[in-house]
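Given next are the chains, with one letter for each unit.
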Amino acid sequence: MNILYKSKEIGLFVEAWIWLAFARMAILILSFEYLMKLIGKPLSAQEWVKANQVLDRFIPINQAIERASRYSFWRTKCFEQALTAKWMLGSRGQTTYLYFGVRKELSLGLTAHAWLVCEGEIVTGGNGASDFTAISCII
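No experiment lies behind these values; they were computed from the predicted model shown.

Engineer: Whenever I open this one, the overall build of the protein confuses me. Can you help?
Structural biologist: Helix and strand counts for the protein come out as 4 helices and 4 strands. Taking all 139 residues of the protein together, 42% fall into the buried category. Relative to all contacts within the protein whose residues are 6 or more apart in sequence, the contacts with residues 24 or more apart total 72%. By element, 60% of the accessible surface of the protein is carried by carbon and sulfur atoms, the whole surface being about 8,400 Å².

Engineer: Could you clarify how one ought to interpret the nonpolar core in this entry?
Structural biologist: Soluble globular proteins tend to pack their nonpolar side chains together in the buried interior. Within the largest apolar cluster, 29 residues are counted, with the highest numbers of intra-cluster contacts made by Ile39, Phe79, Leu83, Leu98 and Val123. Elements represented by at least two residues in this core include exactly α1 (3–29), α2 (32–39), α3 (59–70), α4 (78–90), β1 (96–105) and β2 (109–118). Counting residues per element, this core draws most heavily on α4, which supplies 7 residues. Dropping the residues within four chain positions of it, Leu83 is found in contact with Ala23, Ile27, Leu35, Ile39 and Leu98.

Engineer: How do you make sense of the sheet that holds strand β4 (residues 133–138) when you look at a structure like this?
Structural biologist: One key point about sheets: their strands pair by backbone hydrogen bonds, in either a parallel or an antiparallel sense. The sheet built from 4 strands is open, its strands ordered β3-β2-β1-β4 with antiparallel pairing. Looking at the sheet topology across the chains shown, the edges are occupied by β3 (121–124) and β4. Each strand of the sheet is rotated relative to its neighbour by a mean of 40 degrees, with strand direction disregarded. As paired elements, β2 and β3 share 3 bridges and run antiparallel to each other. The partner of Leu116 across the bridge, within β3, is Thr124.

Engineer: Would you explain the layout of surface pockets in this entry?
Structural biologist: Any empty space left between atoms is shown by rolling a water-sized probe over those atoms. In this model, the second largest pocket occupies a volume close to 260 Å³. Considering the residues around the second largest pocket, the lining is formed by 14 residues, among which Lys8, Leu12, Arg57, Pro60 and Ile61 are closest to the centre. Of all elements in the fold, only α1 and α3 reach the threshold of two or more residues within the lining of the second largest pocket. Among the elements that make up the lining of the second largest pocket, the one with the highest residue count is α3 (5 residues).

Engineer: What should I look at first to understand the packing of aromatic side chains in this one?
Structural biologist: The geometry of two aromatic rings is summed up by the distance between their centres and the angle between their planes. Inspection of every chain in the model, using the stated rule, returns 10 aromatic pairs. Residues Phe32 and Phe79 carry aromatic rings whose centres are separated by 6.0 Å and whose planes lie at 50 degrees to one another, so their mutual orientation is tilted. Linking Phe32 in helix α2 with Phe79 in helix α4, this pair joins segments that are 47 residues apart in sequence. What makes Phe32 partly exposed here is its relative accessible area of 48%. Using a relative accessible area of 12% as the deciding quantity, one classes Phe79 as buried.

Engineer: How should the packing of α3 against α4 be read in this particular structure?
Structural biologist: When two helices pack together, their arrangement is given by the angle between the helix axes and by the axis-to-axis distance. Following both chains from N to C, one finds α3 and α4 inclined at 135 degrees, their axes separated by 10 Å at the closest point. Classed by the angle they form, the pair α3 and α4 counts as oblique. The chirality of how α3 crosses α4 is right-handed. Note on element contacts: α4 touches α3 through Gln81, Thr84, Ala85, Met88 and Leu89, opposite Ile61, Ile65 and Ser69.

Engineer: Help me out: how do you make sense of the pattern of salt bridges in this one?
Structural biologist: Note that side chains of opposite charge can pair when their charged atoms are close. Inspection of every chain in the model, using the stated rule, returns 7 salt bridges. Of the charged contacts in the structure, one is a salt bridge between Arg67 and Glu9, with a shortest N-O distance of 3.8 Å. Remark: Glu9 occurs in helix α1 and Arg67 occurs in helix α3; sequence separation between them is 58 residues. Residue class for Arg67 comes out partly exposed when judged on its relative accessible area of 29%.

Cut-offs used in this document
- Residues numbered from 1 in each chain as written.
- Predicted model: local features only at pLDDT ≥ 70, side-chain atom pairs only at ≥ 80, totals over all residues.
- Heavy atoms only, no water.
- Helix = DSSP H or I, 4+ residues; strand = E, 2+ residues; numbered from the N terminus.
- Buried < 20%, exposed > 50% of the residue type's maximum accessible area, 1.4 Å probe, protein only.
- Contact = heavy atoms within 4.5 Å.
- Areas by Shrake-Rupley, 256 points an atom, 1.4 Å probe, with all protein chains shown as cover.
- Core = buried A, V, L, I, M, F, W, Y, C linked by side-chain atoms within 4.5 Å.
- Pairing = 2+ DSSP bridges.
- Axes fitted to C-alpha atoms, helices over the stretch in contact; angles between N-to-C directions.
- 1 Å grid on protein atoms, 1.4 Å probe; cavity = no way out; pocket = protein on both sides within 12 Å on 5 of 7 lines; lining within 4 Å.
- Points joined across faces, edges and corners; volume = space filled by probe spheres on them.
- Phe/Tyr/Trp six-rings, centres within 6.5 Å; stacked < 30°, edge-to-face > 60°.
- Parallel < 35°, antiparallel > 145°, perpendicular 65-115°, else oblique.
- Left-handed = near helix turned anticlockwise from the far one by under 90°.
- Salt bridge = Lys/Arg side-chain N within 4 Å of Asp/Glu carboxyl O.

In short, geometric facts, not functional conclusions.
Structure representation (structure tokens):
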């Protein structure tokens, strides 16, 4: 593995780890309503972007977030990961769509999920996103 690639990978890992910590603190400290106002504006259902599965373009960011999640001692579930990807891609000038969805499970009742889409590709939360009904989208 070449040194330049390795240093870029480490840089993405560190960036993802820091953003994950920031996302977790924001979720704990701020109300959901205020956090949503900070990260973007809601879109109507007609404006939502259909997403494919995760493709090659955003795999390095997805992998960095997954690795950073494994080495974090705080909660790093789908919402924290989606916020992290939104902020990482936003700092690179990308427009992203943060989706919230729900599904009903017999044993657990209603469960929620968050996933992030950029340029029609699912960046985070792609595992099982198709099993959830999207109820909100923030750009």
